[in-house]
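# Observations on the model geometry
Letter by letter, the chains look like this.
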Amino acid sequence: MKFLVLVVNRCLWFLPTVLGLMVITFTISHLIPADPIAAAAGENATAEQIAALRVKFGLDQPIYVQLYRYVLAVAQGDFGISLYTQRPIVFDIATRLPATLELTFVAVLIAATLGIPLGVLSATHRNSPLDHVLRVITVSGLAIAAFWLAILFQLLFAMKLGWTPLQGRVDGWGPDSVTGFFLIDAVLMGDLEILQDVAAHMILPAATLAFPAMATIVRFTRAGVLEAINSNYVMYEEAMGFPRRIIVWKYVLRNALIGTVTQIGLIFGILIANGVVVEAVFDWPGLGLYAVSSILQSDYNGIMAFAIIAGVIFIVVNLLVDITHGLIDPRESR
Amino acid sequence: MTAELLRVRDLAVSFATEGGTAKVLDRVNLTIGRGQIVGLVGESGCGKTTLARSILGVLPRNSAQIGSGSIVFDDADLLKVDPATLERTVRGRQISFIPQDPYGSFNPVFTIGSQIMELMKWKSPELNDRQAARSGWLPRFHGRQRYRADRQRVLEMLAAVQLPNPDAILAKYPHEVSGGQRQRLMIAMALLTEPKLIIADEPTTALDVTIQAQILKLLRQLATGRGVAVLFTTHDLGTAYEICDRITVMYAGQEMEEAPSEGFFNRPSHPYTSRLLRSLPSNDGGLVGIPGEIPSLVNPPIGCRFHPRCEYATEICCSQRPEPHDVGVDHVVRCYHPVTEKPKQAVQ
């Protein structure tokens, strides 16, 4: 019952949060002192032509009217027309969103499957050589800039060793699009060769994204495990002779994961931000790359659409995190 | 098989602290007979909990160090048994534990039932010694038949510790039951594995006074009924008097006196215990303290650690710790100048 209340409560917060996000994004992008219409109309446009374009896009209206229209349109799934490509932005995004989501999911998956066990080991072997090595790795993970790591990976694995493709998402056309997630589509097709190719393209960008995420997960899991291991229930479980393996990997870990799950939610946001850079370096046809070209072309609608979609993904992930919290920690849900 | 179940001899334990090495236990002796309830009495910081944890083999790994001594349990020196065997066949199975803090000693994110069944999975009396000794690293399954038998045991035990509605309690999370109920659950868990010895570390300190008495009565009744010995640490002499067969008094890491409860309260022989009994609040409203303060364990007094506060102290008390000697039946005191007169006022 309490769990249901928690879920409903979090869901009710969803709409106001998204609305707030839209207002902020809209306001900020309209405060930028650049004139997108002049840019879109070209250098040779006359004043009349620019004014006509302004009316066409509704930019002659007061800002609150523009905001009202924008929110209404977005609510109907209409992000407007790209000032640059002259196509509806929804189409542009629909083709790119799966690429970004796939990359982010894979990165989070790698980060969590490596980071959680390493965090536990680093806590149970506190101050051992293993812990020190992991500390060096995690600190570098947090300190190294994503674009630099991406280029380093490219130089080593793609250029020098030739183990992976340099960039892109797939060679040739890729699998038949069902979900837009190439890994899943390739499996659905049952085509091992394409699957291999897609995976090979995925490794470097996913690793670049996963590295700092893994570092964060290791550090938070380590802190969580250390806190749990000094608790009275661990003392009790030891005194009653529970096997060490069960104490650490079942009883301690589940307590430690409460903190780690929160971090994974925040990491998702960081990954979407890092994704902009990583996608640009690896020429990954996702939202990040789209955002970069939108920014370079002062494409208002494109930038706002990216900010809102990224924000919505972040909000949804944190909604899921709150619900997962309730599932892991009965004190929240019962 | 000897009459004694547990015999701690000359146990010395020190802790690394920031201020230096704290000599928390100084050649401590302790004896527990089979089925006996022994009270380990002393002020906070006197080493009761350290002694209890030494017997369980769960001293803090990185700071505690056992210097010397032996802990002979059922004819085997636990200090010489390898840790893995201790974990599998002794802890939980032969020696179980009732913690001081029933609030924090349950894992908050698992149901009570799953925690009790986890205990039974590894420590159930249904397992023979060979099965229990198998490595904890191999995956192990509870087995449907044994699970049922174990669950039946659990339900019966919850009824025995007078918990209403055992089925419902098993499905709850620890934060959903009261402190008294949690401590009843802890007693149930301690008894479920049919151990020979239960170590109860101040099991009622965290509870309301009204519930304390109930829990103590229950513990005594269940342990005596099953012939389980209990080592019961407390700082409360009244509590010890109520439930213990035998009392050991500790002061600053040294045991001072071991005696049967009756003998102890009627004829305390160590100056410390004698003064301790006199310092209990009396009916005429007087309160007599012991002058001086508890010594530091990093730089403890040499010899008898009580000597700086002792009215009978002589030179030898400051240089060498007295050996134990008998002053009555089963009544052992470590003092050069045992008190002989009866105390002015007996307890209750």
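Residues numbered from 1 in each chain as written. Chains lettered and ligands numbered in written order. Predicted model: local features only at pLDDT ≥ 70, side-chain atom pairs only at ≥ 80, totals over all residues. Heavy atoms only, no water.

## Brief notes about the interface of chain B and chain A
Under the convention used in this document: In this description, contact between two residues means that some pair of their heavy atoms is separated by no more than 4.5 Å. Once two parts are put together, the accessible area they lose, assessed with a 1.4 Å probe and summed over both, is termed the buried area. Salt bridges are defined by distance alone: a side-chain nitrogen of Lys or Arg within 4 Å of a carboxyl oxygen of Asp or Glu. For the purposes of this entry, the term helix denotes a DSSP run of H or I that reaches at least four residues, the term strand denotes a run of E that reaches at least two, and both are numbered from the N terminus. In the scheme used here, Gly and all other residues not listed as nonpolar or charged are polar, with Ala, Val, Leu, Ile, Met, Phe, Trp, Tyr, Cys and Pro taken as nonpolar and Asp, Glu, Lys and Arg as charged.
Facing 37 residues of chain B, the contacting portion of chain A comprises 24 residues. In total, chain B and chain A occlude about 2800 Å² of area from one another, counting both sides; carbon and sulfur atoms represent 62% of this. When residues of chain B are sorted by the area they lose upon contact with chain A, Val109(B), Phe110(B) and Glu118(B) head the list and together hold 20% of the total. Linking Glu238(A) and Arg61(B) is a salt bridge whose minimum nitrogen-to-oxygen distance equals 2.7 Å. Counting residues per element, the ones that place at least two in the side of chain B that touches chain A are helix H1 (48-56), strand S6 (95-98), helix H3 (112-123) and helix H7 (179-192) of chain B. The element best represented in the side of chain B that touches chain A is H3(B), accounting for six residues. Looking at the side of chain B that touches chain A residue by residue, the classes come out as 19 nonpolar, nine polar and nine charged.

## A look at the confidence of the model for chain B
Residues and elements named next belong to chain B. Condition: By definition, pLDDT measures how confident the predictor is in each residue, and it falls between 0 and 100.
For chain B, the mean per-residue pLDDT works out to 88, and 95% of the residues sit at or above 70. When pLDDT is averaged over each element of chain B, S6 comes out on top at 95 and helix H4 (residues 129-132) at the bottom at 81. Across the interfaces of the predicted complex, the ipTM metric reaches 0.91, alongside a pTM of 0.85.

## Let's talk about unusual backbone geometry
Residues and elements named next belong to chain B. What counts, and what does not: To sort residues, take the accessible area from a 1.4 Å probe on protein chains only and compare it with the maximum for the residue type: under 20% means buried, over 50% means exposed, and anything in between is partly exposed.
Backbone geometry at Asn165 places phi at a positive 60°, although glycine is not the residue there. Mapped onto the fold, Asn165 is located in the loop between helix H5 (144-160) and helix H6 (166-170). With a relative accessible area of 52%, Asn165 lands in the exposed category. At Asp330, a residue that is not glycine, the phi angle is positive and equals roughly 60°. Relative to the elements of secondary structure, Asp330 occurs in the loop between strand S11 (325-328) and strand S12 (331-333).

## Looking at the side chain of Asp92(A)
All names here are of chain A. What counts here: For the purposes of these results, a polar contact is taken to be a pair of N or O atoms within 3.5 Å, where, inside protein, one atom must be able to donate a hydrogen and its partner to accept one; residues adjacent in sequence count only when each atom of the pair is a side-chain atom.
Mapped onto the elements of the fold, Asp92 is located in helix H5 (residues 89-124). Judged by relative accessible area, which is 2%, Asp92 ranks as buried. Among the polar contacts listed, one links the side chain of Asp92 to the side chain of Tyr290, at a separation of 2.9 Å. Among residues more than four places away in sequence, those in contact with Asp92 are Ser82, Thr85, Arg87 and Tyr290.

## As for the packing of aromatic side chains
Note the cut-off: Pairing of aromatic side chains requires ring centres within 6.5 Å, counting the rings of Phe and Tyr and the six-membered ring of Trp. Pairs whose planes differ by under 30 degrees are stacked, by over 60 edge-to-face, and all others tilted. For a lysine, the NZ atom is tested; for an arginine, the CZ atom; a charge sits over a ring if that atom is within 6 Å of the ring centre and within 35 degrees of the ring normal.
The final tally for this structure, using the stated rule, is twelve aromatic pairs over all chains. Ring pairs connect the aromatic residues Phe153(A), Phe157(A) and Trp163(A), which therefore count as one cluster. Its end group placed over the ring of Phe110(B), Arg254(A) keeps NZ or CZ at 4.8 Å from the ring centre.

## Some points on the nonpolar core
One recurring pattern in soluble globular proteins is that nonpolar side chains are buried together. Put simply, the rule reads: Put simply, buried Ala, Val, Leu, Ile, Met, Phe, Trp, Tyr and Cys residues joined by side-chain atoms within 4.5 Å make one nonpolar core. Domain segmentation is taken from an automatic or database assignment of domains.
One finds Leu30(B), Leu51(B), Ile55(B) and Leu197(B) to be the most contacted residues of the largest nonpolar core, which totals 174 residues. For this core, the leading source of residues is helix H11 (residues 244-282) of chain A, giving 18 residues. When residues of this core are assigned to domains, at least three fall in each of domain 1 (4-249) and domain 2 (252-333) of chain B. Excluding its chain neighbours within four sequence positions, the residues that come into contact with Leu197(B) are Leu5(B), Leu6(B), Ile32(B), Ile55(B), Phe73(B), Gln94(B), Ile95(B), Ser96(B), Val228(B), Ala229(B), Val230(B) and Leu231(B).

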